[in-house]
Every structure is written in structure tokens, then in C-alpha cells.
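# Reading the structure
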Amino acid sequence: MKRKYYIDKTNRQLVIQRTLAKRSLLFVWGKLASFSLMLFCIWSGRDNVPNTWLYLSAVCFLVYLYLVYADSLVKRKKEHCLQLIKFYDAEIKYLDKNISFQDGSNYIDIHSPYSYDLDIFGSGSLFQRINRTTTFSGEKALAQKLSNINSRTTEDSIKQDAIDELMLSSDFREDYLSTPHFKPKSIENNTLSDTDILLSKHIKWIWIFPICIALCILYLLINYIFTGIISPVASTTLTALFLLQLFITIVVSNKIKTALRISKSIIDFNKGYMPVIVKISAHSFKTLQLQKIQKVAQNYLEDLKSIRRIESIYALRANPLLWILLNGFFLIDLLETLKFHQWKVKRWESFPMLLENIGEFEALASFAQFNFNHPDYCIPRLREDILIDMKNGKHPFMGISGVGNDFSISKGSISIITGANMSGKSTFLRTIAVNLILAKNGCRVPAEAFDFNPNSQLFTSMRTRDDIKGGVSYFQSEIIRLDKAIDLALSSAYVILILDEVLKGTNSVDKLEGTKKLLYFFVEKSFTTILATHDIDVTSLELSSVRRNYCFEITAENPPKYPYKLTNGVCQNKNASFLINCILQKTRK
């Protein structure tokens, strides 16, 4: 359904683009005609006074300027259409499981409580499926929200109303998310001081020189108007001041160059955020969360307009003649640098807050886009009496086509899941965890129903790895991981420990004994645990009423079949011996 929606939207933009192309062509011919007519009028009226032809040429010139302006508007609209077409094309590819969005590989952290085990970052990750951010701030905020649900343990931290408003505002959301990406490197704080190098007590009064020059020019003009004579004293003073200001500019040129370079980098950095700030400022929001973000953007927008004026002055320096005139008469390099410093002192400290708010907005918009793309997913519900209650839940990477399972977790429960190799145990563990991450971020979940406690936290141990450089063995890594899991579980009764085949790095006898001790400790401390294991003996432990046995059974056929359905009880069938026999009996060259 959504695929057809995006195809229809694309076709609509293509029609608009063709219409704009025709209009632009008319403007091109109009500009050519009006400019040619202007030259003809100037030529025809060169000897006539008073000259009607010159008036006509002025009219033609005004028409030409209007057509240039109108054509520039059309070009901007065409560019906007192209951006929307690219956005819709990316969404169609996403629905076709051809995901092209930035994957967040730089946020991979093998020491994270859960993100490394659950494929939150990297190729094909949850981050890549949700990420629609257009700025580095947005990307960083989204990564933080997906990888730090343990730090958000209240209902207020779920911005559901804001996400719902953005989801329903399709035209605005698509317009915003189609903005070209701006993800520059951050500006180092120690470089900002380079714009201060001109502000010594000996130079703050330098603005007096341009005022003196302005007064001299004014005097010369008034004197010439009334007497027809140019005062030699005033003209000499003007010349002296002109040369003095050029001399001052040249003397401090090295410092000015450094300050201008830093100033320009800050201006460019700010300009990159201008499109998103303008779009946030112009829209009308209803939810308080979005209105607060908008207020910050609107306040900063006025500041951005002021530094754009400074930038336009900087652009004039490219012309050597203008540089001489502007610095000779107005000390433009020095004064604009001082003006920029005043702006920086006044507003630069508020820039981090702006970036934080833009990041928050883009993360919410990404969640809204995810919800919009999956109307067949369920809306999670908050419940205080359980940790998770899932009905027909599926892994988000598989979507609705996957096999669904029911599962519920209460505080202090121990769930032991057995099953043959490739029966679906690890995928099921990830299904529970990833769906909780989605729910705690206000996203829809691939299930018939998904209830969760807003205070739920996660810790997983599923993908342990050794560290040769660090001198840490595989088994040592497992022990370190379990130690961190226990520390977190001791800090809160809402922590869910998800463990996949613990103590794999030791022999089977030692492994079983260690697993028993671990589970007895978990029961004593009332840790909520989901453990997947191949050790059938673990299921017979006396763990009181908190233990529940589940399994992913396979069929006893040749070859075995994998239903991927969770059932009560202990696994009975195995497949390792059968699969080994298959590869041993395979004909090899």
C-alpha cells in the first residue's frame, strides 16, 4: 500500500517538474527577448532628447530583471521536486528491502549493554532502517535514542504525541526529510578564540576612522554643491585617511586572514543548518514538545540572517578593486570581523542547544516516518504490572512475513528456551529486545499486540568475542560480560537479562555447573532472565515457580523442518548429527 503511495507521489512530482521545465523555457526566451529589446531601444534613442526610447529600454530592463527573478524561483521549485523524487525513490527501495540510508557503523560499540548483540548499528541494522536524518546532530540523536533506552525509564521520555503529529503531517515531514544532507565535521572550540585576536584595547576604537572619512566626504559634497569648489584641506584629509586605513588593513592582514578563515567556517557551519531551521520555524505545530523545538529555531533564525549579511560583505573581498575601496574608505575587513565577534559572543553559546533541538526533531521525524511506512504494525501500550507482553510478535527485519510468537515477561521470572541448532532461539531473543527498543522510542511494533513497562531495561550477552590485542580470551570476555550484566541487574528490578548460550568457552561439564550456579543466584536476587541453551539438564533445575521452560521444536524428518514456533516444554529433537552426516556423505571431487 505504501509502495503505491510513493509511486503516486513520484509521478505527481514528475508532472510538476515537466510543467516547471516548460515555464523555465518560456522565461529563458522572455529574458532573451527583453534584453534584446532593451539594446534595440538604447540604440534607437541614442541621438534623441528627450528620449522615449530610453524610457522603453528602462521598462525592458525591469521586465528582464523580473524574468530573472521568476526563473530563479522556478529553478528552486525544480530542485525541490528533484529532492522529493529522490526521497520517494529511497522509500520505495526501502520497502523493497533495498536499504540505502546511512547505517551508523561509526556508532558500533562492542561494550554496549545490548546494541552490538542486536544489530542496532551497521549494514542492514535497525538504525539504517529508521534513519532519515539530514544533519549530523539528528544522526547522533537517533543513535543515542536507539542505544540508550536504559537511561530513559519514565513514560514522559516517550514522545508519542510528537511522533504521531509528525506522522500525520505527511507533506511537511516528506518536505523536511527530503532536505539535502548536511553532516559536516564539528568546529573545535579552541579555534573559536582565533576571532578574538583583533580585540585588543588598542584596536576597539578603530571604527573612528571610517566615521571621519564619512564626515570628510559629506563635507566635500556639501561644499561642492554650494560653492562649486573642492576644499583642498578636506580632500587632503580624505586621501590621508584612505591611505592610513589601507595601511592599517595591510599591517593586521595576517591576523585578519586567520580571523576571516575561522569566521567563514563558522558562518558556513551555521548556513548548513539554515534550510532545516527555516522549515521548522515556518510550520505550525500542536504538541508542546515540537513547539519548544520550534521556539529555539525561530530565535536562532534571526541571528542567522545577521551573519548572512556579514557573509555577503566577505564575498566582496574577491574583487581586488573593491577590496581597496572598501578597506580604504570603510576598513571593511577589520570592522566586519569585529562585528562577527560581537555576534559570536552574543549567540554562539546558544548554538549547541539549537543542535540538540534539531537532533531531537530529526530523531522524532525518523520514528514518525518508520510508523508511517508500517501501518500494519501495532501501537505499543504501557502497562505497569508486567515488563513485556507480546502477542504474535515478529522480528522487525523480517516484518509481517516472519513467523510470530507469543511471550510475556514479569519481574523476577526465569525463562529457559531450548531448541536444536537453527531452530530460531537467537532470532526470538532479538525479536523481544528489538521490539522493546522500538516501543520505548514511540515506534510501532510488528505484532498483534505489544505491552511494555516504560521502566524496562535491557542487557544482552549473545555475541561475545575475544580481544587478541587486549589480551582477553573468549571465555574471559564472557565472564566480563556476565559481571556487567549482574551489576546492572542489581541496580534495578526492571532489567531484563537476555543470555544466549552462556559459558560457551569451557567444557560441557564445567559449563553446566557454572550455568546452574548462575541461575540459582539469579533466582535468589530475583533477576528477570531469558536464557537460550542447548543444555537440556538446565531445564530440570529446582528453581521454584519462577522458572518456565519453552522450546523451539523441529520435526523428526529427513531433512528436518523448522516451524520457528515457540511452545511450552523442553526440546526433544536434535539436528547436529544429521547435518554432520549430510556433509560427510556429500560427494567431493
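Quick caveat, the model's predicted, so the values are computed rather than measured. (Residues numbered from 1 in each chain as written. Predicted model: local features only at pLDDT ≥ 70, side-chain atom pairs only at ≥ 80, totals over all residues. Heavy atoms only, no water.)

### Regarding the state of the cysteines
Enumeration according to the criterion identifies zero disulfides in this entry. Of all cysteine sulfurs, the one in C551 lies closest to C571, which takes part in no disulfide; the gap is 6.0 Å. Judged by relative accessible area, C571 falls into the buried class, the value being 9%. (Disulfide = S-S within 2.5 Å. Buried < 20%, exposed > 50% of the residue type's maximum accessible area, 1.4 Å probe, protein only.)

### Quick look at the confidence of the model for the protein
Summarising the model, the protein shows a mean pLDDT of 84, and 86% of its residues fall at 70 or more. Low confidence marks residues 188-195, where pLDDT is under 50. Its contacts with residues over four positions away, or in another chain, come to 15 contacts. Between residues 197-202, whose pLDDT stays under 50, and residues either more than four places distant or in other chains, the model counts 13 contacts. (pLDDT = per-residue confidence, 0-100. Contact = heavy atoms within 4.5 Å.)

### Quick word on the packing of helix 6 (residues 170-177) against helix 11 (residues 274-282)
Helix 11 packs onto helix 6 with a crossing angle of 165° between their chain directions and a minimal axis gap of 10 Å. The orientation of helix 6 relative to helix 11 falls into the category roughly antiparallel. Considering how the two elements wind past one another, helix 6 and helix 11 form a crossing that is left-handed. On the side of helix 6, the interface is formed by F172, D175 and Y176, while helix 11 contributes V276, K279 and I280. Broken down by class, the residue content of the contact of helix 6 with helix 11 amounts to four nonpolar, no polar and two charged. (Axes fitted to C-alpha atoms, helices over the stretch in contact; angles between N-to-C directions. Helix = DSSP H or I, 4+ residues; strand = E, 2+ residues; numbered from the N terminus. Parallel < 35°, antiparallel > 145°, perpendicular 65-115°, else oblique. Left-handed = near helix turned anticlockwise from the far one by under 90°. Nonpolar A, V, L, I, M, F, W, Y, C, P; charged D, E, K, R; others polar.)

### Section: the sheet that holds strand 4 (residues 414-419)
The six strands are arranged 6-7-8-4-9-10 in an open sheet whose pairing can be described as mixed. Two strands in the sheet have a free side with no partner beyond their single neighbour: strand 6 (457-461) and strand 10 (566-568). The average undirected angle you get between the axes of adjacent strands in this sheet is 20°. Of the pairings in the sheet, the one linking strand 9 (residues 547-552) to strand 10 comprises three bridges and is antiparallel in character. From the neighbouring strand, F552 faces strand 10, where its bridge partner is L566. The strands touched by helix 16 (residues 425-440) are strand 4, strand 6, strand 7 (495-500), strand 8 (528-533), strand 9 and strand 10; relative to strand 7, the strand with the most contacts, the crossing angle is about 155°. Relative to the sheet, helix 17 (residues 474-491) contacts strand 6 and strand 7, its axis offset from that of strand 6 by approximately 165°. (Pairing = 2+ DSSP bridges.)

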